[in-house]
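Each chain is listed here by its residues.
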Amino acid sequence: MHCLGYYRDTTGELSVQGIKISYLAKKYGTPLYIYDSEIMKDRYHAFLNAIKEVKGNIHYAVKANDSINIIKYFSKLGCGADIVSIGEFEKCIAAGIAPEKIIFSGVGKDKNEIETALENNILQFNIESQEELYDIHYIASKIKKNANICLRVNPDIAPDTHKKISTGEKETKFGIDFENVKAIYEKLHQLDFITPVGLGVHIGSQIFDFNFFYKAYLNLRNLADEIKKVGFSVPTLDLGGGIGVDYKNDTKTDLTNYKNIILELFSESNFKLSFEPGRSLIAEAGILVTKVIRNKKTKDKNFVIVDAAMNNLIRPTLYDAFHKIENVQTNKTGEIVADIVGPICETGDYFALDRTINHINKNQYLAIKTTGAYSSVMSSNYNARTDAIEIMIVNGQDHKMKEVDTIKDIISKETLIDFD
Ligand SMILES: Cc1ncc(COP(=O)(O)O)c(C=O)c1O
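Residues numbered from 1 in each chain as written. Predicted model: local features only at pLDDT ≥ 70, side-chain atom pairs only at ≥ 80, totals over all residues.

(A) Quick look at the overall build of the chain. Helix and strand counts for the chain come out as twelve helices and 21 strands. Principal-axis analysis of the C-alpha atoms gives the chain an extent of 70 × 65 × 40 Å. By residue count, 45% of the 420 residues in the chain fall in the buried class. Counted over contacts in the chain with a minimum sequence separation of 6, partners at least 24 positions apart contribute 69%. (Helix = DSSP H or I, 4+ residues; strand = E, 2+ residues; numbered from the N terminus. Buried ≥ 20, exposed ≤ 12 C-beta atoms within 10 Å, placed from the backbone. Contact = placed C-beta atoms within 7 Å.)

Here is the structure:
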């Protein structure tokens, strides 16, 4: 029996579900994203346990990782989906999620996206402005399709997280100003082809201080109660996502407090709740394995130059994010302090700065941990680099998740203009 997740086997090698990571790196090549289905299952069940005493559904936030196999796996466990584009919708359909389990969020849904979502009878639109309401109403009336509408409220709460993933303050583009929600909710009732279904919040991502959730959810519940008092029905509340994961220590986030908040605020109520976790379901399941191209030493510093780059994982430079980095095979030759960097011509192309790691040689592997969420999904082909290969480990077997475009494939999609 092996342990849950990534662990050291008896030879000291990083392994998953009984398979050595070095074996996988050699088999598939690097850079290589690996996803452990057992961690995905574990985090899904932990979340389900936190909400099991209320009426609620989990809608996996596809933006965290939109690989079809990841969506499909969560769907098999019981999740619906939360999407922010029609591209994500198509991926969900390809993964076997029914449109009736899909919530369409996002501040900038375009005309074609709205029309496709309506034609396919998605569960609901979470809308973020009165202007969006009018656009949806116009299209819904034109094609004679009903739109279920939930208003995303901006509660003006600033959670303690990185400013680029904080979405609940009034200065951000997200949600409807708290004081305008009642009037817009009332307006929903005056429009044909529009069915009001409730209110929602999402205050940001990577949040550990659950008091911020408490405040946001309490405000939302009180607002819904006020709206109900004047005679309108508010059947559902969407509580968004945002639960943090421990990038530094690999400690599983304890959801007891979150569970208590949900129980305190909603166990006596009749609201049907929806939850949109992304990061907390998938981040810890992923690692990015990379091979050392060479070690470089300057007067002041050590650099470990690896074959993954910011085009594969942009979080360190975009969000100042910390990822734990471990040698895949143990090396007993002591420690070094180094910047771990990719080959891209940007100073920002790094995975760690001044990091103490075990000494590592050319051609050996490093594992960049907790890279299941907001990682491969943000990949680009910058510096004409191809995507990392992605595999999933299920029941002790490794499965390739997709074909990666080769540089030839990429070139073949460009059209040569005849300049003569
Ligand atoms: C509307 C909405 N719901 C859910 C999420 C998922 O958040 P997280 O991955 O932090 O759980 C996001 C991410 O920013 C979001 O914008």
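(B) Seen up close, the environment of Thr406. Position of Thr406 relative to the elements: it lies in the loop between β21 (397–400) and α12 (407–412). Taking the C-alpha atoms as reference, Thr406 lies 8.9 Å from Arg385; in sequence the two are 21 residues apart.

(C) Spotlight on the site of the ligand. The local shell around the ligand holds 16 residues, among which Ala61, Ser205, Gly241, Gly278 and Arg279 are the closest. Split by residue class, the shell around the ligand holds four nonpolar, eight polar and four charged. (Near = placed C-beta within 6 Å. Nonpolar A, V, L, I, M, F, W, Y, C, P; charged D, E, K, R; others polar.)

(D) Layout of the nonpolar core. Among the nonpolar cores identified, the biggest contains 114 residues, and Ile21, Ile34, Ile102, Leu199 and Val289 are the most heavily contacted of them. Broken down by element, this core gets its largest block of residues, eight residues, from helix α8 (residues 211–229). Among all residues touching Ile21, those that are not within four sequence positions of it are Glu13, Leu14, Ser15, Val16, Ile34, Val289, Val328, Tyr365 and Ala367. (Core = buried A, V, L, I, M, F, W, Y, C linked by C-beta atoms within 7 Å.)

(E) Summary view of the pairing of strand β13 (residues 272–275). Note: strand β5 (residues 56–61) against β13, three bridges, orientation parallel. Opposite Ile58, over in β13, you have Phe275 as the bridge partner. Note: strand β12 (residues 236–238) against β13, three bridges, orientation parallel. Looking at the pairing, Asp238 lines up with Ser274 of β13. Each parallel crossover has a hand, and the one from β12 via helix α9 (residues 256–266) to β13 is right-handed. (Pairing = 2+ DSSP bridges. Right-handed = clockwise from strand over helix to strand, strands pointing away.)

(F) The arrangement of the environment of Asn361 in detail. Residue position: Asn361 is located in the loop between β18 (350–358) and β19 (365–369). Sequence-wise, Asn361 and Val292 are 69 residues apart; in three dimensions their C-alpha atoms are separated by 6.9 Å.

(G) Representation of the sheet that holds strand β3 (residues 19–20) in the model. Ordered in space as β1-β2-β3, the three strands form an open sheet in which the pairing is antiparallel. The open sheet is flanked by β1 (6–8) and β3, the only strands paired with a single partner. As defined by bridge partners, strand β2 (residues 14–16) adjoins β3 across two bridges and the pair is classed as antiparallel. Bridging across to β3, Val16 finds its partner in Ile19.

(H) Representation of the domain arrangement of the chain in the model. Split into domains, the chain comes out as domain 1 (6–36 + 283–412) and domain 2 (37–279). Averaged C-alpha coordinates put domain 1 and domain 2 at centres separated by 32 Å. At the junction of the two partners, domain 1 supplies 25 residues and domain 2 supplies 21 residues. At the level of secondary structure, the elements contributing two or more residues to the side of domain 1 that touches domain 2 comprise β4 (32–36) and β20 (389–394). The element contributing the most residues to the side of domain 1 that touches domain 2 is β20, with four residues. (Domains from an automatic or database assignment.)

(I) Local environment of the environment of Tyr7. Relative to the assigned elements, Tyr7 resides in strand β1. C-alpha of Tyr7 to C-alpha of Gln17: the two residues are ten residues apart in sequence and 8.8 Å apart in space. Setting aside chain neighbours within four positions, we find Tyr7 in contact with His2 and Ser15.

(J) Highlighting helix α4 (residues 86–94). Listed in full, the buried residues belonging to α4 are Glu88, Phe89, Lys91 and Cys92. Taken down its axis, α4 places every buried residue within 165° of arc, on the same side. Residues of α4 that are exposed and point over 90 degrees away from its buried face: Gly87 and Ala94. Elements that come into contact with the buried residues of α4 comprise α3 (68–77), β6 (80–83), β7 (102–104) and α5 (111–119). Immediately downstream of α4, the backbone of Gly96 shows phi near 95°, a positive value. (Arc of directions from axis to C-beta.)

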